[in-house]
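Working through the structure, step by step
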Amino acid sequence: MIDESAIKTRIENYRDPVLGCDLKAARVLRGLTVEGDRVTVNIRTGFPLKNYAGQLRQSLTEYLAEAFPGLDFAIDLDWKVEPHVHASQTDALKGVKNIIAVASGKGG
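Residues numbered from 1 in each chain as written. Predicted model: local features only at pLDDT ≥ 70, side-chain atom pairs only at ≥ 80, totals over all residues. Heavy atoms only, no water.

1. As for the side chain of D16
Topologically, D16 is positioned in strand 1 (residues 15-16). Of the side chains with opposite charge, R15 lies nearest to the buried D16, which makes no salt bridge, at 9.0 Å. Not counting residues within four places of it along the chain, the set of residues in contact with D16 comprises C21, L23, Y52 and L56. (Helix = DSSP H or I, 4+ residues; strand = E, 2+ residues; numbered from the N terminus. Buried < 20%, exposed > 50% of the residue type's maximum accessible area, 1.4 Å probe, protein only. Lys, Arg positive; Asp, Glu negative; His and termini not counted. Salt bridge = Lys/Arg side-chain N within 4 Å of Asp/Glu carboxyl O. Contact = heavy atoms within 4.5 Å.)

Have a look at this one:
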């Protein structure tokens, strides 16, 4: 019998070097399903994963396989940047979800 809560705890304790914290603190675990010997882990970050997805998938799979040998892990990665809601409740610009500020740093 596979202990789903033990797998979840192991995932949450994984310390991600890019995030600088464990996955529980980062609140990125969206789901966990166990079907026989196959465990599917759903993770969603708040930033694009293009260049990092492969590394995260491999390191997390190795981390889980270390504790649960014989299980087949599938890591589904997704990302979504949520619009920021300002605490002051000021009116947002119509049709604008996020603003990115870019500065050259050259001085004046």
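Picking up where we left off.
2. As for the pairing of strand 5 (residues 72-79)
Summarising the sheet, strand 4 (residues 38-45) and strand 5 pair through eight bridges and their orientation is parallel. Across the sheet, R38 pairs through a bridge with D72, a residue of strand 5. Handedness of the strand 4-helix 3 (residues 53-67)-strand 5 crossover: right-handed. (Pairing = 2+ DSSP bridges. Right-handed = clockwise from strand over helix to strand, strands pointing away.)

3. Comments concerning the sheet that holds strand 3 (residues 29-35)
Strand order in this open sheet of three strands is 3-4-5, and the pairing throughout is mixed. Two strands bound the open sheet, and with one partner strand each, they are strand 3 and strand 5. Each strand of the sheet is rotated relative to its neighbour by a mean of 15°, with strand direction disregarded. The sheet contacts of helix 3 involve strand 4 and strand 5, and relative to strand 5 the element is tilted by about 145°. (Axes fitted to C-alpha atoms, helices over the stretch in contact; angles between N-to-C directions.)

4. Structural notes on helix 3
Here helix 3 spans 22 Å end to end across 15 residues, near enough to the 21 Å set by a 1.5 Å rise per residue. All of the buried residues along helix 3 are A53, L56, L60, Y63 and L64. Across the axial projection of helix 3, the buried residues extend over an arc of 110°, all falling on one side. Of the residues in helix 3, the exposed ones pointing more than 90 degrees away from the buried face are Q58 and E66. Those residues of helix 3 hidden inside the fold are in contact with helix 1 (4-12), strand 1, helix 2 (23-26), strand 4 and strand 5. (Expected span 1.5 Å × (residues − 1). Arc of directions from axis to C-beta.)

5. As for unusual backbone geometry
One non-glycine residue with positive phi stands out, namely R27, at about 55°. Within the secondary structure, R27 sits in the loop between helix 2 and strand 3.

So, to be careful, I would describe these as geometric facts and stop short of saying anything about function.
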